[in-house]
Protein chains: 2
Amino acid sequence: MSYKSDIEIAREANKKPIQEIGAKLGIASEDLLPYGHDKAKVSQNFINSVQDRVDGKLILVTAINPTPAGEGKTTTTVGLGDGLNRIGKNAMICIREASLGPNFGMKGGAAGGGYAQVVPMEEMNLHFTGDFHAITSAHSLLSAMIDNHIYWGNELEIDERRVAWRRVVDMNDRALRDIVVSLGGVSNGFPRQTGFDITVASEVMAILCLANDLEDLQKRLGDIIVAYTRERKPIYCRDIGADGAMTVLLKDAMQPNLVQTLENNPAFVHGGPFANIAHGCNSVIATKTALKLCDYVVTEAGFGADLGAEKFMNIKCRKAGIAPSAVVIVATVRAMKMNGGVEKADLGAENVEAVVNGCANLGRHIENVKSFGVPVVVAINHFVTDTDAEVQAVKDYCAEHGVEAVLSRHWELGSEGSEDLARKVVEVADAGTANFAPIYPDDMPLFEKIETIAKRIYRADEVLADAKIRNQLKDWEAAGYGNLPVCMAKTQYSFSTDPALRGAPVGHSVPVREVRLSAGAGFIVVVCGEIMTMPGLPRKPAAESICLNAEGQIEGLF
Amino acid sequence: MSYKSDIEIAREANKKPIQEIGAKLGIASEDLLPYGHDKAKVSQNFINSVQDRVDGKLILVTAINPTPAGEGKTTTTVGLGDGLNRIGKNAMICIREASLGPNFGMKGGAAGGGYAQVVPMEEMNLHFTGDFHAITSAHSLLSAMIDNHIYWGNELEIDERRVAWRRVVDMNDRALRDIVVSLGGVSNGFPRQTGFDITVASEVMAILCLANDLEDLQKRLGDIIVAYTRERKPIYCRDIGADGAMTVLLKDAMQPNLVQTLENNPAFVHGGPFANIAHGCNSVIATKTALKLCDYVVTEAGFGADLGAEKFMNIKCRKAGIAPSAVVIVATVRAMKMNGGVEKADLGAENVEAVVNGCANLGRHIENVKSFGVPVVVAINHFVTDTDAEVQAVKDYCAEHGVEAVLSRHWELGSEGSEDLARKVVEVADAGTANFAPIYPDDMPLFEKIETIAKRIYRADEVLADAKIRNQLKDWEAAGYGNLPVCMAKTQYSFSTDPALRGAPVGHSVPVREVRLSAGAGFIVVVCGEIMTMPGLPRKPAAESICLNAEGQIEGLF
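Residues numbered from 1 in each chain as written. Chains lettered and ligands numbered in written order. Predicted model: local features only at pLDDT ≥ 70, side-chain atom pairs only at ≥ 80, totals over all residues. Heavy atoms only, no water.

For chain A, an unreviewed UniProt entry supplies the name Formate--tetrahydrofolate ligase and the organism Ruegeria marisrubri. Under the UniProt heading Pathway (unreviewed entry), the entry covering chain A gives this text: "One-carbon metabolism; tetrahydrofolate interconversion." (UniProt positions renumbered as here; feature names shortened; annotations may be inferred.)

Structure, rendered in structure tokens:
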């Protein structure tokens, strides 16, 4: 049997006008700002008008540690949303926007896959509604204004060696990682060394995704620390006078984007911060608006549950005042096998023993998520090569650990394949057993927050950090930043900081290489290991194969 | 009497849904890709469907050399378009898009002024429909792919010292003018010196504005020379393999943007290349599409007629196969006074003598435009302080030079004030006296093309260029580029290369500092004097005052 590719399925989508999708949510067409016929932003007026409504139930979709086998977190998010609609529930999904740059390196990210996709796929992988361009512009304006301030006399006494604000571009451009600017003499300013990150790594992105409204957005933008004086006094974005104009540039980008699934169910696709140096979730404004419009809102978090779900709970939920009613952990038989020691080339053969061995990774994620006080459902995202015995092995493992694993075939069948999962999720969410709480309080010292995550989530023995880092954390506590959550930046491939250590390792150490204050976003970034904030292109970039075909369709992007 | 500001008038605009504006042009709503409720792109299908229609008449609006007094070229373009509609003609306008970056430096550019404006003004000065962001992305992709090619082994043997392709950003960021990239060791590539220009200076912008369709766009993108080998062999964008993906990124940006005037008449606002190192006109695709939809299409060219109209005729019309039926030269009494030696502070006082003296500048533009074989109308864009005697002086001068000058009060009165101008333009255009031809043939040697413009348009005695420049031009002729038009980059404030030399100077020399080949756009840039392709921000940038007010409106941008 042969299967259609994601892009073939997406092109056959029977899309409805976006006004019809909005109508399902009770949004009048004048409250939708259309971008073409299949995308729209929801007006700020409409968002304001629904604030008094009761919230629906929030379902988080997370996953085991990612493997090259693929887990299908977004696919399952879409499939679950469609499944909920199929069984008669009023439901929608909230996912992140794709970054443009990386699509020209490796083959681009579809939004879901198979018969569980969000469309229009092409545009979501290109400019979409321009949100990331707006973020790049706002970031670039601040960058230019900082050097301009220094150029015109540096009244704020910025130490040019201590400019913390780098530049960004939404492109994989390694040549810009480390640069010297302002060469060429007096009229170009004072030379200094700096660099570019990719737009999704911008603090502006994290801020847009955590801000409650435009006022909060401007306040947070103003709080960004852009530089320090010789005496280490922080200089804020507000001091540079950029926060107002940045807010103007981000005005439309703050409005959630409405699109649809292949089954014409509504989806908000909005924001996309890095899941390492930022919190990796779609925007708070999209999630909170969706909760006012639907009984069930399915959303996802970046990477595996050790990073994504942890940050979703400890950062996004804490700051936004929201809480999940249930968490779905996505696992695949293939990924279990890889965690059980099988190489990618050998995934085709049945291997129940490897599946069982690999389940240790899943088991730990189940325990971890439960520790936040929320009930768990495991979704086995079905691959057509999975055998019944392998699937049963995962189900048995989960049953032994007190959670139900539901096989879901949304990739192959759409919502027809995810009905069981949808019913189970409703049952668990409606049972009202959730009693969510972050795993550390606001007033815990910063280093203890890091230790709490490392020991309780990663199951490390210890956190290694030299005196400089510990002192830096104490200085920030003294400066009033001690109440912030911490945002861990480590490899997504392992509970440990060693990407090769699959399964459920114990006895490891978590070395902290660096800590950074994102004062606008409102968290302390804890860098454990090498974190790349500007990817490069591969030897043969996908871009070389991307083109328009004779029918005007895009080839090579997917 | 007090007058409302442009932004006050724009906010009071009684905008119609863009679908209604499209309907006036016979564009069905499914052929409009809306961006919000007041902007839309015209579908490629629709554009293809009208290709067999007969063209309407093209009216070019140009101006005397700009002075700090302001001429109101766009205002007159809008006023004339509205005037034509008012007298019952089927007419529309085509103008350029604004660049985002400069709006944060000086106060932003409105689209017209007074009661002759295009709306939505705010969005046209911000992200609009994302065209410039798409151009920045396409440009950035090529930039990244060039350094990536070198990084992975440099199979094409690019000489790193001879990479001609710079980077761009749509922001006034002087610190990026001159930079060193790829510092930081092996994983970041080979350090080299380069820099950023502002997006409007990108060759991609010029290409988008000159391309006839997507196929032509990709061909031209492929033709861009990005670097040379040690042996001076050109390396093309096509060799890097970026042209297909760049076309994909520019697919939507190629579609003209439909908006409306304050009087609900249709306007295409599309493309915005620099008027010095590029040709300074809105896109060919917008102009040619408009000509299929209306009996009269009013468009404008950048700067004064010596630069803007010259390039419109010799580059845009030549390449696009279009021709103006009439040219309107905009003059103001105040600008005449400044050309006649009056300082800006003294413009308020009546000074007929200065007006008469300043008219020499206007007179030469009239002669020049006529030399292209097209009839001329002078529009006196009325300022409320102009006296009758001053206006009469301009009229008398024009009459002596065989053209009619029409007073137009569109700024104050909208189309009610531009009826006379509209009637005169129709009379002249309908008379069929136009017999347009560029002032030099394709096969003239490149240096002679430069001399032709310098002597016939600037009235210089000679063109100064050292042997290196002359040899470079000969090399390009040998390489097959001799048939390209030349694109002059000189000051817009004078016919000469000295910005202080107002009026109608004679006997000057035109020194050529540098020549550049824009092989994709299809012209040779001739740089005469200092040309800034990356502006800086002023000591107190407008951005510091830009913010959202309590009503959510944008303050400080205008």
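Anyway, onward from the coordinates.
Quick notes on helix 19 (residues 467-481) of chain B
Residues and elements named next belong to chain B. Those residues of helix 19 that fall on the buried side of the exposure criterion are Ile469, Leu473, Trp476 and Tyr481. End-on, the buried residues of helix 19 take up no more than an arc of 60°, which puts them together on one face. With respect to the buried face of helix 19, the exposed residues turned more than 90 degrees away are Lys468, Lys474 and Ala478. Summarising the contacts, the buried residues of helix 19 are in contact with strand 12 (225-229), strand 13 (234-236), helix 18 (446-456), strand 23 (514-518) and strand 24 (523-527). (Buried < 20%, exposed > 50% of the residue type's maximum accessible area, 1.4 Å probe, protein only. Helix = DSSP H or I, 4+ residues; strand = E, 2+ residues; numbered from the N terminus. Arc of directions from axis to C-beta. Contact = heavy atoms within 4.5 Å.)

Brief notes about the UniProt feature "binding site: ATP" (unreviewed entry) in chain A
Residue and element names in this part refer to chain A. Taken from the UniProt record, the annotation "binding site: ATP" (unreviewed entry) applies to Thr67, Pro68, Ala69, Gly70, Glu71, Gly72, Lys73 and Thr74. Assignment of secondary structure puts Ala69 in the loop between strand 3 (57-63) and helix 4 (73-86). Among the residues examined, Ala69 registers a relative accessible area of 8% and is labelled buried. Structurally, Gly70 is set in the loop between strand 3 and helix 4. Under the relative-accessibility criterion, Gly70 is labelled partly exposed at 26%.

Here we look at the side chain of A:Asn265
Assignment of secondary structure puts A:Asn265 in the loop between strand 14 (257-261) and strand 15 (266-269). Only 2.8 Å separates the side chain of A:Asn265 from the side chain of A:Asp82, close enough to count as a polar contact. (Polar contact = N/O pair within 3.5 Å; in protein donor to acceptor, adjacent residues only side chain to side chain.)

Quick look at the sheet that holds strand 7 (residues 158-163) of chain B
All names here are of chain B. Spatially, 7-12-13 is the arrangement adopted by the three strands of the open sheet, whose pairing is antiparallel. Edge positions in the open sheet fall to strand 7 and strand 13, since each of these has one partner strand only. In this sheet, adjacent strand axes meet at a mean angle of 50° when their direction is disregarded. In this structure, strand 7 lies alongside strand 12, joined through two bridges in antiparallel fashion. Residue Val163 lies in a different strand from strand 12, and its bridge partner there is Ala227. (Pairing = 2+ DSSP bridges. Axes fitted to C-alpha atoms, helices over the stretch in contact; angles between N-to-C directions.)

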